[in-house]
There are 2 protein chains.
Amino acid sequence: MDRIMLISADCHAGPPPATYREYMPSSLHGAYDAWLAGAEAQRRRRMGLFDDEFMQGFEAAGAEGLSGAWDPGRRDAELEADGTVAEVVFPDSIVAGGVPFGAGIGMNSREIDPQLTLAGARAHNRWLKDLCEASPGRRGGIAPIPIDDIDVAVEEIAGVRRSIPHAGVLLPAGTGSLPLYHDPRYEPIWATCEALELPVHIHTGSGPPDYGDFPFAPILYVCEAPWFAHRPLTFAIWSGIFERHPRLRWIMTEQGAGWIPGLLRQWDGLFDRPMFRHLRGALSLRPSEYWARQCLVGASMLSPEECALRHRIGVETIMWGSDYPHPEGTWPHTRERLHETFDGVPEGEARAMLGGNAARVYGFDPGTLAPAVERVGPLPAEL
Amino acid sequence: MDRIMLISADCHAGPPPATYREYMPSSLHGAYDAWLAGAEAQRRRRMGLFDDEFMQGFEAAGAEGLSGAWDPGRRDAELEADGTVAEVVFPDSIVAGGVPFGAGIGMNSREIDPQLTLAGARAHNRWLKDLCEASPGRRGGIAPIPIDDIDVAVEEIAGVRRSIPHAGVLLPAGTGSLPLYHDPRYEPIWATCEALELPVHIHTGSGPPDYGDFPFAPILYVCEAPWFAHRPLTFAIWSGIFERHPRLRWIMTEQGAGWIPGLLRQWDGLFDRPMFRHLRGALSLRPSEYWARQCLVGASMLSPEECALRHRIGVETIMWGSDYPHPEGTWPHTRERLHETFDGVPEGEARAMLGGNAARVYGFDPGTLAPAVERVGPLPAEL
């Protein structure tokens, strides 16, 4: 029986500060060191999310620590041991500081000089290119793009297309003090991503406010972050981004999947209500039709309950992810977790969600991946 | 067969500006006139929510216009014609301006002098007392309370207890530039509402940002307002408000009900995860247990889909509402809408959601209401 091509549509990577320093102009080293001191306090606070005892166990599980977060050889070995043959990589592993100047998944969480945000994203994206190229055909990079200056963002996006394989664009979930995504200022970004066939990604990370220094504050972040990550879809659909850019792909990553059918149903209901008919403007499709045509969910740690909703979400729109190497993800227990979620799911549907859809969206070649699949992929009977 | 005691847990009322003027000190009339000019433009923009043709039909349906929004005699007649024998009243009907100085359901949507907000709420609450007293035993008032100054808020709440029958307290869904509801500054409000047995209400209204002057902007408000209205529950549960105040009642009004089971399940899941165990702090119950013990939903226009979830929400926690006289509500077609939602629901459950729960929470006496019920209440067979 053919093993399953398991592709993670949600992994994270980032090197230690010394490596990031090599990927930025030396003129920025001073600013980076100053920023790091504060960011490390912030990181420790975010790590306060996780119970100490739990984290000790998690870190002990990787005998060499978490160097798979940046070391391609170790990374490939750990992914294979977990049954995974390809991945797309978002920023921010759990090592010190994250992307320089906060330009990763938490972009716009704090006020910072936009020039530094840009420099941080550039350093990460240069490093990301090298990480992806170290494992040809098996790793794609989702590149963070700052949105302070739209002309610059468009240039950066073009650079991503030229340099990073199996690429996508990561826009911040929260726009901070900048306009929300219905604003026409973002139009060149949508046009460029559509023309260059680069999917836009919104990943949980920014948006929530500072909850202050309460012991329970991290759980407020956990509760609210997905909610803020859903927001851009509202603006994209109702302001007509998908109407104007019918070939743009839009991917919502690590923010659950169970919310999708209810929200689409509610929006379709608003679309259909006579009292709101004049607000539909130039939308030729209903919200659920735009979803089906252009959107996908990077369904990290897909739960059995979410999987049960797959026909209402759309099997073709779901891409499984392990969230490697994050502690809330399925690694290093992916096989057990897959069994919990996919037991009883028809094999064709499981194959689509576990790798087929991601191969199509990110351009991974099943032929290239076949030897690895035969070596490490889960057997259908294991699901 | 006994007719059903139908009580609306979500109605709205407010008089025209000339009447509000009578309920505020004359020293404020100048400021009120100045504010009204801007507010009327804002109201017209909000009315841009509704299709012109739809609104013409809606307004024509009430032969005397919408004077039931403030005239108790007409109001009682319209409610009875719709099958309803009692109601609780939130601010903001659809007449000019709403509560003076924006102190109604949209409180904190715009920056304004806190003294004016307070004056507006006081004018409304004085008027609300008279409106409620005009129909003894059949109308309760949910009084808006500004939260800029906590000592003042506590005094206002005590005044509500003394003056308004079947009362509750309305806090703004959005806190604007003030701290979110997990902040200890609000502690005296929770303690006072618990001690005085005044349920706290969060009603959809404030929270969303200004979406700008796009034709589709009102639909962004419609999509996001419920989402902002849900937020305070997050802060209440996780910061331990219900742990510290076990007799406090908390009511979430006109923000849907379908989101409740999924959210509680998700929060229970977070509560149970080992990696987050240190964040649970002093919570002795799981989130769903606090909900069952202390929270209710003012389930305006309860849909068939939401009603199907009633056992997961908790039948005892659901209170139907008509949203009278708002155009998105069930009035004047409540009987048809009740049939759509409650057809096939066991009669005892329907009676609880349609009136029994509200009578218990707001202290309406079924004996007092009985003659009206026998005159106008829907028959069980009509459901």
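The following refers to the structure shown. (Residues numbered from 1 in each chain as written. Chains lettered and ligands numbered in written order. Predicted model: local features only at pLDDT ≥ 70, side-chain atom pairs only at ≥ 80, totals over all residues.)

**Let's talk about the overall build of chain A**
Of the regular secondary structure elements, chain A holds 16 helices and eight strands. Its C-alpha radius of gyration of 20 Å places chain A within 12% of the 21 Å reference for a compact globule of 383 residues. For chain A, the spread of C-alpha atoms along the principal axes amounts to about 60 × 55 × 45 Å. Here chain A holds 383 residues, and the buried ones make up 51% of them. Across chain A, every contact between residues at least 6 apart in sequence was considered, and the portion connecting residues at least 24 apart equals 76%. (Helix = DSSP H or I, 4+ residues; strand = E, 2+ residues; numbered from the N terminus. Rg over C-alpha atoms; globule rule 2.2 N^0.38 Å. Buried ≥ 20, exposed ≤ 12 C-beta atoms within 10 Å, placed from the backbone. Contact = placed C-beta atoms within 7 Å.)

**Some words on the sheet that holds strand 1 (residues 7-13) of chain A**
Backbone hydrogen bonds are what pair the strands of a sheet, in a parallel or an antiparallel way. Residue and element names in this part refer to chain A. Within the open sheet, the eight strands sit side by side as 1-2-3-4-5-6-7-8. Their pairing is parallel. Two strands lie at the open edges of the sheet, namely strand 1 and strand 8 (318-321), each paired on one side alone. Across this sheet, the average inter-strand angle for adjacent strands is 30°, counted without regard to direction. Here strand 5 (residues 200-203) runs beside strand 6 (residues 250-253); their pairing, made up of four bridges, is parallel. Bridge pairing in strand 6 links H203 to T253. (Pairing = 2+ DSSP bridges. Axes fitted to C-alpha atoms, helices over the stretch in contact; angles between N-to-C directions.)

**Concerning the interface of chain A and chain B**
It is common to give the size of an interface as the accessible area lost on bringing the parts into contact. Taken together, the contact pairs 32 residues of chain A with 32 residues of chain B. Contributing elements (two or more residues each) for the side of chain A that touches chain B: helix 8 (217-238) and helix 10 (260-272) of chain A. It is helix 8 of chain A that provides the largest number of residues to the side of chain A that touches chain B, a total of ten residues. When its residues are assigned to classes, the side of chain A that touches chain B shows 21 nonpolar, seven polar and four charged. (Nonpolar A, V, L, I, M, F, W, Y, C, P; charged D, E, K, R; others polar.)

**Looking at the nonpolar core**
In this structure, A:V169, A:M319, B:V169 and B:M319 are the most contacted members of the largest nonpolar core, which totals 213 residues. Setting aside its immediate chain neighbours within four residues, B:V169 contacts B:A143, B:I145, B:I157, B:V160, B:C193, B:L198, B:V200 and B:H201. (Core = buried A, V, L, I, M, F, W, Y, C linked by C-beta atoms within 7 Å.)

**A look at helix 16 (residues 366-376) of chain B**
Residues and elements named next belong to chain B. Taken residue by residue, helix 16 has L369, A372 and V373 as its buried positions. Looking straight down helix 16, one finds that the buried residues subtend no more than 110° of arc, so they occupy a single side. Set apart from the buried face of helix 16 by more than 90 degrees, the exposed residues are G367, P371, E374 and R375. The inward-facing, buried residues of helix 16 abut helix 4 (72-81) and strand 2 (86-91). (Arc of directions from axis to C-beta.)

**Re the sheet that holds strand 5 (residues 200-203) of chain B**
Residues and elements named next belong to chain B. Pairing is parallel in the open sheet, where eight strands are placed in the order 1-2-3-4-5-6-7-8. Looking at the sheet topology across the chains shown, the edges are occupied by strand 1 (7-13) and strand 8 (318-321). Here the average twist between neighbouring strands, direction ignored, is 30°. Where strand 7 (residues 295-300) and strand 8 come together, four bridges link them in parallel fashion. Bridge pairing in strand 8 links S300 to G321.

**Considerations on the environment of B:P226**
All names here are of chain B. Mapped onto the elements, P226 comes out in helix 8 (residues 217-238). Using a count of 18 C-beta atoms within 10 Å as the deciding quantity, one classes P226 as partly exposed. P226 sits 27 residues away from T253 along the chain, and the two C-alpha atoms are 9.4 Å apart. If we ignore the near neighbours within four places in the chain, the residues touching P226 are T204, Q255 and G256.

**Focus: the relation of the copies chain A and chain B**
Superposing chain A onto chain B requires a rotation of 180° together with a translation of 0.0 Å along the rotation axis, leaving an RMSD of 0.0 Å. These values place the two chain copies in the arrangement generated by a two-fold rotation axis. (Least-squares fit on C-alpha atoms with pLDDT ≥ 70 in both.)

**Some points on the pairing of strand 4 (residues 168-171) of chain B**
Residues and elements named next belong to chain B. Here strand 4 shows a buried face lined by G168 and L170 and a second buried face lined by V169 and L171. Handedness of the β-α-β unit built from strand 3 (residues 139-144), helix 6 (residues 150-163) and strand 4 comes out right-handed. Of the pairings in the sheet, the one linking strand 4 to strand 5 comprises three bridges and is parallel in character. Within strand 5, the residue paired with L170 across the bridge is H201. Regarding the hand of the β-α-β motif, the stretch spanning strand 4, helix 7 (residues 187-195) and strand 5 is right-handed. (Right-handed = clockwise from strand over helix to strand, strands pointing away.)

**Here we look at the packing of helix 8 of chain A against helix 8 of chain B**
For any two helices packed against each other, one specifies the inter-axial angle together with the distance between the axes. At a closest axis distance of 11 Å, the pairing of helix 8 of chain A and helix 8 of chain B adopts a crossing angle of 180°. Compared by their axis directions, helix 8 of chain A and helix 8 of chain B come out roughly antiparallel. Here helix 8 of chain A contributes A:I219, A:L220, A:C223, A:E224, A:W227, A:T234, A:F235 and A:W238 to the contact with helix 8 of chain B, which in turn contributes B:I219, B:L220, B:C223, B:E224, B:W227, B:T234, B:F235 and B:W238. For the contact of helix 8 of chain A with helix 8 of chain B, a count of residues per class yields twelve nonpolar, two polar and two charged. (Parallel < 35°, antiparallel > 145°, perpendicular 65-115°, else oblique.)

**Some points on the packing of helix 6 (residues 150-163) of chain A against helix 7 (residues 187-195) of chain A**
Residues and elements named next belong to chain A. Two numbers describe how helix 6 lies on helix 7: the axes approach to 9 Å, and their chain directions differ by 15°. Relative to helix 7, the element helix 6 lies roughly parallel. The crossing of helix 6 and helix 7 is right-handed. On the side of helix 6, the interface is formed by I150, A153, V154, I157 and A158, while helix 7 contributes P188, I189, T192 and C193. Residue composition of the contact of helix 6 with helix 7, by class: eight nonpolar, one polar and no charged. (Left-handed = near helix turned anticlockwise from the far one by under 90°.)

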